[in-house]
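# Architecture and fold: a report
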Amino acid sequence: MRFAVLGSGSKGNALVVQGGGVTVLVDAGFSPRELKRRMQALDLALTDLRALVVTHGHSDHVKGARALAGALGIPTFATDGTRRFCARFGALHNHEPVLPGEPFTIGGLTVQALATSHDAAGSVCFVVDDGDERLGVCTDLGEPSDEIARGLAECRALLLEHNHDLEMLRSGPYPMHLKRRIASARGHLSNEQGAALLSAVRRPQLSRVLLGHLSEVNNTPALALAAARPELDGADVELACAPQHHPTGWLRVQRERKSGAALAARLVATAPVAQPTASAPAPPLRTGQHRALEAQLALFATKAQSTRSTR
Ligand SMILES: [Zn+2]
Ligand SMILES: [Zn+2]
């Protein structure tokens, strides 16, 4: 099984996964024209898609869903909550109902939805299984849950939300109501929460982690990577941030493991991404500092609670 992120973030989300004899699009948060353009970079045509799978009804995930499924005549797998959410601005085409916890199949792929607390009715994330390997596609989570952690535990590859740095969000330009929404249990995972979830789901078979849905205003790739990397504890896991504005190349869910010597050489050759320098942004606050800050401001109380509960 292989996959590619076509884009990840508040300006649009889509991921293409290929395995079990089918090619499936998870979310269609770009126009069909833009999806076509990004898929061409992977030598794919829109007509290669067998099905569309939708996590939730926010426009950065469904912008092109209706037009795409209508034009291609392919099914749109989504929860009933998502179907109703989308009906307000145009019904989904060829809706196939999805229930969290009840796997469904597309060709040789088995897909399981996991409910999230994100603020769109029926919001879920997905685990895609080709019988050998599992890929977790989990952004817009609201807050981590035991159910999500259990569902992701067997994955070999993850797209995992690291939306914001709490301090950048706190001191950034967003209006207070938006800050509260993002930091709430129905918003997005902070770097710290994403890293805590990564720590909870990490198993020896984990091979590849892409950090996703990074805010361009309230986060930096360096901060997200600096939060996640310690949770991998030196394991041979490829860690990177998913881009917003262009697709990744094809990525195998099970990447080739480096031999010990090759790994050592790679570690020496790879410049550390998030070493603090005089000009670099401040490193993320540690948990204790987070709590002091939150207590002081009484702003992110819900967020802090959810972070503690996963630690
Ligand atoms: Zn989103
Ligand atoms: Zn969303």
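Residues numbered from 1 in each chain as written. Chains lettered and ligands numbered in written order. Predicted model: local features only at pLDDT ≥ 70, side-chain atom pairs only at ≥ 80, totals over all residues. Heavy atoms only, no water.

Sheet strands associate in pairs through backbone hydrogen bonding, adopting either a parallel or an antiparallel arrangement. Sheet architecture is open: seven strands sit in the order 7-8-9-10-11-12-13, paired in mixed fashion. Looking at strand neighbours, the two that pair on one side only are strand 7 (104-106) and strand 13 (238-241), the edges of this open sheet. In this sheet, neighbouring strand axes are inclined to one another by 20° on average, regardless of whether the strands run parallel or antiparallel. In this structure, strand 10 (residues 134-138) lies alongside strand 11 (residues 157-161), joined through four bridges in parallel fashion. Of the residues in strand 11, the one forming a bridge with Cys 138 is Leu 160. Each of strand 11 and strand 12 (208-212) touches helix 8 (residues 191-201); the most contacted strand, strand 11, lies at about 155° to it. (Pairing = 2+ DSSP bridges. Helix = DSSP H or I, 4+ residues; strand = E, 2+ residues; numbered from the N terminus. Axes fitted to C-alpha atoms, helices over the stretch in contact; angles between N-to-C directions. Contact = heavy atoms within 4.5 Å.)

On to the coordination of the zinc ion (ligand 2), then. In the first shell of the zinc ion (ligand 2), the protein supplies His 56 (NE2), His 58 (ND1), His 118 (NE2) and Asp 140 (OD), at 2.1 to 2.5 Å from the metal. Relative to the metal, the four donor atoms surrounding the zinc ion (ligand 2) lie at angles of 89 to 174°, and the coordination shape comes out irregular. Donor residues for the zinc ion (ligand 2), ordered by position in the chain, follow H-x1-H-x59-H-x21-D. Residue class for His 56 comes out buried when judged on its relative accessible area of 1%. Accessibility expressed as a relative area gives 1% for Asp 140, which makes it buried. (Donors = N, O, S within 2.8 Å, 3.2 Å for Na, K, Ca; no water. Tetrahedral: all angles 85-135°; square planar, octahedral: opposite > 155°, others 65-115°. Buried < 20%, exposed > 50% of the residue type's maximum accessible area, 1.4 Å probe, protein only.)

What follows covers the nonpolar core. Within the largest apolar cluster, 28 residues are counted, with the highest numbers of intra-cluster contacts made by Phe 3, Leu 15, Val 17, Ile 106, Phe 126 and Leu 135. In contact with Phe 3, not counting residues within four places along its chain, are Leu 15, Val 16, Val 17, Leu 135, Ala 157, Arg 208, Leu 210, Gly 249, Trp 250, Leu 251, Arg 252 and Val 253. Core analysis: the next-biggest nonpolar cluster, separate from the first, contains 25 residues, Val 201, Leu 211, Ala 224 and Leu 239 among them. (Core = buried A, V, L, I, M, F, W, Y, C linked by side-chain atoms within 4.5 Å.)

With the rule as written, the count across this model stands at 10 salt bridges. Here Asp 80 makes a salt bridge to Arg 83, at a shortest N to O gap of 2.7 Å. With a gap of three residues between them, Asp 80 and Arg 83 both fall in helix 4 (residues 80-87), about one helical turn apart. A relative accessible area of 32% places Asp 80 in the partly exposed class. Connected via shared salt-bridge partners are Glu 34, Arg 37 and Arg 38. (Salt bridge = Lys/Arg side-chain N within 4 Å of Asp/Glu carboxyl O.)

The next point concerns the environment of Ser 207. Relative to the assigned elements, Ser 207 resides in the loop between helix 8 and strand 12. Sequence separation between Ser 207 and Val 237 is 30 residues, and the spatial gap between their C-alpha atoms is 4.7 Å. What Ser 207 contacts, discounting residues up to four positions off in sequence, is Arg 156, Asp 236, Val 237, Glu 238, Val 253, Gln 254, Arg 255 and Arg 257.

Next up on the list: the coordination of the zinc ion (ligand 1). For the zinc ion (ligand 1), every protein donor is listed as Asp 60 (OD), His 61 (NE2), Asp 140 (OD) and His 213 (NE2), and the spread of their distances is 2.1 to 2.3 Å. Between the donor residues of the zinc ion (ligand 1), the gaps in sequence give the motif D-H-x78-D-x72-H. Given a relative accessible area of 0%, His 61 falls into the buried group.

Let us now look at unusual backbone geometry. Of note in this structure, Asn 94 is not a glycine but carries a positive phi near 50°. Counting through the fold element by element, Asn 94 comes out in the loop between helix 4 and strand 6 (95-98). Despite not being glycine, His 213 has its phi angle at roughly 55°, a positive value. Tracing the sequence through the fold places His 213 in the loop between strand 12 and helix 9 (221-232). Exposure remark for His 213: the relative accessible area of 2% places this residue in the buried category.

Now for helix 8. Of all the 11 residues making up helix 8, nine are buried; the element is thus mostly covered by neighbouring parts of the structure. Where helix 8 is concerned, the buried positions are Asn 191, Glu 192, Gln 193, Gly 194, Ala 195, Ala 196, Leu 197, Leu 198 and Val 201.

This paragraph deals with the pairing of strand 2 (residues 14-19). Counted residue by residue, strand 2 has five buried out of six residues, so it is predominantly covered. Relative to strand 2, strand 1 (residues 2-7) is paired through five bridges, and the arrangement is antiparallel. Along strand 2, the bridge assignment pairs Val 5 with Leu 15. Where strand 1 hands over to strand 2, the hairpin turn is made up of six residues, of which Gly 9 adopts a positive phi near 145°. Sheet analysis places strand 2 next to strand 3 (residues 22-26), joined by five bridges and oriented antiparallel. Bridging from a neighbouring strand, Val 16 pairs with Leu 25 of strand 3. The loop that links strand 2 with its antiparallel partner strand 3 comprises two residues; one of these, Gly 20, has a positive phi angle of about 55°.

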